[in-house]
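Spelled out from the first residue to the last, the chains are:
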Amino acid sequence: MKKILFFLILMGLFYEVISQSFTIEQISSYPFPSELTTSQTGNSIAWAMNEQGLRNIYISQEPEYAPKNITSFDKDDGQEITSLQFSNDGKFIVFVRGGEHGSNWNYDAGINPASETNIPKVAIWKVSLENGKAEMLTEGDNPIISPDSKTIAFLKNRQIWTIPVAEGKASQHFEVKGSINSFQWSPDGKQILFELNRGTHSLIGIYSDHDRPIQWIEPSFQRDVSPKWSLDGKMIAFVRLPGGKSEPHPILEQRHSPWEIWVADAASGSGSSRWKSPETLMGSVPTTHGRFNLHWAAENQLVYLSYEDGWPHLYTMDPFSGPSKQLTKGQFMVEHINLSHDKSKIFFSANTGSDKLDIDRRHIGMVNLKDDQMVMLTEGEGIEAIPVALSDNQKIAFFSATSQRPMLPAILDIPTKEIKLIATDLIPSDFPDNLVVPKQVIFKSSDGMVIHGQIFEKPGGSSKKPGVVFVHGGPQRQMLLGWHYGDYYSNTYAVNQYLAEMGFVVLSVNFRLGIGYGYEFHKAPRTYWQGAEEYLDVKAAGEYLASLENVDENRIGIYGGSYGGYLTALALGKDSGLFKVGVDIHGVHELSSRLKLQDGFEQAPDYTKALKIAWLSSPLAYLDTWTSPVLFIHGDDDRNVQVSQTTDLIRRFDEKKKPYEYLIIPDDSHHWMKHSNLIKVNKETAEFLNKHLNQK
Ligand SMILES: CC(=O)N[C@@H](C)C(=O)N[C@@H](C)C(=O)O
């Protein structure tokens, strides 16, 4: 009898293995494109491609747009490529190699996920498009090539340096007290406009030459940011925010965050406010991609993004003759905003279209400033995002994916609407071709909030499958009905596909605080350390999954990264009865430091109440009811969530003699820069869930 039972178990496992048609390595081998950019002439495009940790640059040129690899970095060493750009003369490309630019701090410090004996530098490289030579020019970050293509300005130690494109050494032409956040060449290339952070306030200055003092632009005690030269180089537009520190307002009340658009004369530095944000919560500083998205457009129009009608939309105004005009309208968001080279068209990603499912997708839209009309340029069941105009102003490049094909660059001819997919042969030959198509589900939280999610389920298999809730991070993110345009969420999309392949029913939950569903959803009150009401959506997802006919309600797990790790820990602490196992990847756990520490005589009127709420919003408050098995994962060079968030929680587990498993990834960050580390994390996540939920 025992032999028969053993044989049946063996056959069951064998069936599971053979019925799994791809490995975690195969699904994680998707190539990930980023840094899409176009030339000023000749309709060329360039992008960075991460091929299983080998990050290189490709260019494509009309008419065939066949991808051509122009760098040959051949190690999985975690060195990312950023700041990719063509020179105006089209003769070379500049980029930065190294650093961790997805970080919240120390983005320009070398990262060393391969644990080499020397920490790699963050350096500026140049590739000649005439002879193909790639060379490192200097240590530095944030390079911008001068309009005449002869000089590269860049940041080093938060100061502006320059280096000649031809032979020559880097030099610092001027120094200013404070940290330079951004800078821009004047259209004639004779001056540099910069944003300077001086702690309590920010200033905008213009450097002309070594013999002339810095020209300050409307200096004040406020915080002036996002300066932009007008197309004729005579004016400067910028955003003014409040400077300094306010009195301790009530912590638990949402407050309007004001902003203004100013325009100043570049020569004299004097200017005035041309627009004030509506004094409403929705009129607050926008926090979606690109924040203000302030751009000078054709006819000296100013384009900007505002959330004031409840959705992130585009507006335009003549800075001298006033009122703004809304360019995009409707219950959708615009993001990834870019102008055509002639500044007459605005391109963007938007979660709208003719299909009601488009709210959980991205398509490309355009506003032609000649008639201010908005049109959608792409549609269908795919995901199209991050449009960049080609030099002829008749084509755009963008990243395109479907539910089954990962992101690749594509080119759209606007007049004909013809789309050409590029670099399809960079998808590995053994990449899975039988992925599931995630299904949109909509359910309500216990407080009535409407929640969107995506179900990943492989047809067939057992009648009662184990379920897993995936919780994204950010939290200002939106998971989609296809491969995601962000690197972190392309990877979690791959993991969800793999979990479905293993026989799980996966529900990816778009909880409140996420983007894509309007202001009330994105800026919901009583969330995070102010009450964690977004957890209601995660719990509702677990209950929804458990209610499905084909899901075993006693085998529901949860996993998530970063903010998703926070909500995973909260779920395991508060509801181990529902969530039987979890994987908490670089989660946030200690929240009281989020409260603005009260110093001096003043204290927020609701400080004591806020402190109590912050405690009850933290997983630390629920360790005694946390009984489900957990795997903790964190990279110890994490620059988005301190590794101490996990080391301290593990210390408490140890002191309480609570079981756990752990995986620390030395020298890697929040984004698993080394591919072999990403595979390790994906594999251990899936195996831990499988061990506890899917073993027969
Ligand atoms: C902004 C940020 O770093 N938030 C983290 C808590 C987080 O969730 N990081 C990733 C996963 C993200 O989506 O930003």
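Source: prediction; values computed, not measured. (Residues numbered from 1 in each chain as written. Predicted model: local features only at pLDDT ≥ 70, side-chain atom pairs only at ≥ 80, totals over all residues. Heavy atoms only, no water.)

(A) Inspection of the overall build of the protein at higher detail. When helices and strands are counted, the protein shows 9 helices and 39 strands. On the principal axes, the C-alpha backbone points of the protein span a range of 90 × 65 × 55 Å. Each of the 696 residues in the protein was classed as buried or not, and the buried ones make up 56%. Of the roughly 29000 Å² of accessible surface on the protein, 52% is carried by carbon and sulfur atoms. Charge centroids of the protein, computed over 67 positive and 83 negative side chains, lie 3 Å from each other. (Helix = DSSP H or I, 4+ residues; strand = E, 2+ residues; numbered from the N terminus. Buried < 20%, exposed > 50% of the residue type's maximum accessible area, 1.4 Å probe, protein only. Areas by Shrake-Rupley, 256 points an atom, 1.4 Å probe, with all protein chains shown as cover. Lys, Arg positive; Asp, Glu negative; His and termini not counted. Charge placed at Lys NZ, Arg CZ, Asp CG, Glu CD.)

(B) Representation of the sheet that holds strand S39 (residues 661-665). The 8 strands are arranged S32-S33-S35-S34-S36-S37-S38-S39 in an open sheet whose pairing can be described as mixed. Single-partner strands in this sheet number two, and they are strand S32 (439-444) and S39. Sheet twist, expressed as the average angle between the axes of neighbouring strands with direction ignored, equals 20°. Across 6 bridges, the pairing between S32 and strand S33 (residues 450-456) is antiparallel. Residue Lys-444 lies in a different strand from S33, and its bridge partner there is Val-450. Across the sheet, helix H6 (residues 563-574) touches strand S34 (465-471), strand S36 (551-561), strand S37 (581-585) and strand S38 (630-635), and the angle it forms with S36 is around 140°. Across the sheet, helix H9 (residues 675-693) lies against S34, S36, S37, S38 and S39, angled at about 165° from S37, the strand it touches most. (Pairing = 2+ DSSP bridges. Axes fitted to C-alpha atoms, helices over the stretch in contact; angles between N-to-C directions. Contact = heavy atoms within 4.5 Å.)

(C) Just H6, in detail. The end-to-end C-alpha separation of H6 is 16 Å, in line with the 16 Å expected for 12 residues at 1.5 Å each. Of all the 12 residues making up H6, 11 are buried; the element is thus mostly covered by neighbouring parts of the structure. Check the buried side of H6 and you find it contacts S34, helix H5 (535-547), S36, S37 and S38. (Expected span 1.5 Å × (residues − 1).)

(D) Broad picture of the UniProt feature "domain: Dipeptidylpeptidase IV N-terminal" (unreviewed entry) in the protein. The feature "domain: Dipeptidylpeptidase IV N-terminal" (unreviewed entry), as given by UniProt, occupies residues 296-398 in the numbering adopted here. Helix makes up 0% of residues 296-398 and strand 50%, with an end-to-end C-alpha separation of 22 Å. (UniProt positions renumbered as here; feature names shortened; annotations may be inferred.)

(E) Summary view of the sheet that holds strand S26 (residues 363-368). The strand order across the open sheet built from 4 strands is S24-S25-S26-S27, with neighbouring strands paired in antiparallel fashion. Each of the sheet's edge strands pairs with one partner strand only, and the pair in question is strand S24 (334-339) and strand S27 (373-376). The average undirected angle you get between the axes of adjacent strands in this sheet is 25°. Of the pairings in the sheet, the one linking S24 to strand S25 (residues 345-350) comprises 4 bridges and is antiparallel in character. Its bridge partner being in S25, Asn-338 is matched across the sheet by Phe-347.

(F) Looking closely at the site of the ligand. Taken together, Asn-104, Gly-473, Gly-474, Gln-476, Arg-477, Tyr-488, Tyr-489, Ser-562, Tyr-563, Asn-640, Val-641 and His-670 make up the full set of residues near the ligand. Here an oxygen atom of the ligand and a side-chain polar atom of Arg-477 are 2.7 Å apart. Take Tyr-489: an N or O atom from its side chain is 2.5 Å from an oxygen atom of the ligand. Here the ligand loses 86% of its free accessible area of 360 Å² to cover by the protein chains. Along the lines of polarity and charge, the residues of the shell around the ligand split into 4 nonpolar, 7 polar and 1 charged. (Near = heavy atom within 4 Å. Polar contact = N/O pair within 3.5 Å; in protein donor to acceptor, adjacent residues only side chain to side chain. Nonpolar A, V, L, I, M, F, W, Y, C, P; charged D, E, K, R; others polar.)

(G) Geometry of empty space enclosed by the protein. Considering all chains together, one arrives at 1 cavity of 30 Å³ or more under this definition. Of the volumes computed, that of the largest cavity is approximately 70 Å³. Along its surface, the largest cavity is lined by Gln-454, Phe-456, Met-479, Leu-480, Gly-482, His-484, Tyr-489, Thr-492, Tyr-493, Asn-496 and Ser-508. When residues of the lining of the largest cavity are traced back to their parent elements, those giving at least two are S33 and helix H3 (487-501). Among the elements that take part in the lining of the largest cavity, H3 stands out by supplying 4 residues, more than any other. Of the residues that constitute the lining of the largest cavity, the class distribution is 5 nonpolar, 6 polar and no charged. (1 Å grid on protein atoms, 1.4 Å probe; cavity = no way out; pocket = protein on both sides within 12 Å on 5 of 7 lines; lining within 4 Å. Points joined across faces, edges and corners; volume = space filled by probe spheres on them.)

(H) Examining the side chain of Thr-316 more closely. Checked against the element boundaries, Thr-316 lands in strand S22 (residues 313-318). Separated by 3.2 Å, the side chains of Thr-316 and Gln-301 make a polar contact. Within the structure, Thr-316 has its side chain in polar contact with the backbone oxygen of Leu-302 (distance 3.3 Å). Filtering out sequence-adjacent residues up to four positions away, Thr-316 remains in contact with Gln-301, Leu-302, Val-303, Pro-323, Ser-324, Lys-325 and Leu-327.

(I) Molecular detail of the nonpolar core. Residues Ile-27, Trp-47, Trp-483, Leu-499, Tyr-559 and Leu-689 are the most contacted members of the largest nonpolar core, which totals 64 residues. Considering every element that reaches this core, the biggest residue donor is H3, with 8 residues. When residues no more than four places from it in sequence are discounted, the contact partners of Leu-499 are Val-468, Phe-504, Val-506, Tyr-559, Ala-686 and Leu-689. Residues Val-509, Phe-511, Ala-532 and Ala-604 belong to the second largest nonpolar core, which totals 52 residues. (Core = buried A, V, L, I, M, F, W, Y, C linked by side-chain atoms within 4.5 Å.)

(J) Spotlight on the environment of Tyr-315. You can see Tyr-315 is positioned in strand S22. Sequence separation of Tyr-315 and Ile-217 is 98 residues, and the distance between their C-alpha atoms is 24 Å. Those residues in contact with Tyr-315, other than ones at most four positions away along the chain, are Leu-302, Val-303, Tyr-304, Ser-306, Glu-308, Asp-309, Lys-325, Gln-326 and Leu-327. In this structure the side chain of Tyr-315 is engaged in a polar contact, spanning 3.5 Å, whose partner is the side chain of Gln-326.

(K) Up close: unusual backbone geometry. At the junction of Glu-62 and Pro-63, the peptide bond is cis and its omega measures out at 5° in the coordinates. Tracing the backbone shows Pro-63 in the loop between strand S3 (54-60) and strand S4 (68-69). That bond from Gly-474 to Pro-475 is cis: its omega, 5°, falls within 30 degrees of zero. The topology assignment puts Pro-475 in the loop between S34 and H3. Backbone geometry at Glu-35 places phi at a positive 60°, although glycine is not the residue there. Looking at Glu-35, the relative accessible area reads 28%, which means it is partly exposed.

(L) View of the pairing of S26. Judged by how many residues are buried, S26 sits mostly within the fold: 6 of 6 residues are covered. Of the two faces of S26, both are covered, the one formed by His-363, Gly-365 and Val-367 as well as the one formed by Ile-364, Met-366 and Asn-368. In this structure, S25 lies alongside S26, joined through 6 bridges in antiparallel fashion. Each residue of the ladder has a partner; that of Phe-347, found in S26, is Met-366. In textbook terms, the turn of a hairpin is the stretch between consecutive antiparallel strands, and for S26 and S27 this stretch comprises 4 residues, one of which, Asp-372, has a positive phi near 60°.

(M) Seen up close, helix H8 (residues 644-655). For H8, spanning 12 residues, the distance from its first C-alpha to its last is 16 Å, which sits close to the expected 16 Å at 1.5 Å a residue. Taken together, the buried positions of H8 are occupied by Gln-645, Thr-646, Leu-649, Ile-650 and Phe-653. Considered in projection along H8, the buried side chains sweep an arc of 125° and stay on one side of the axis. Exposed side of H8, more than 90 degrees from the buried face: Arg-651 and Glu-655 are the residues found there. On the buried face of H8, the contacting elements are S37, S38 and S39. Looking one or two places after H8, you find Lys-657, whose phi comes out positive at around 55°. (Arc of directions from axis to C-beta.)

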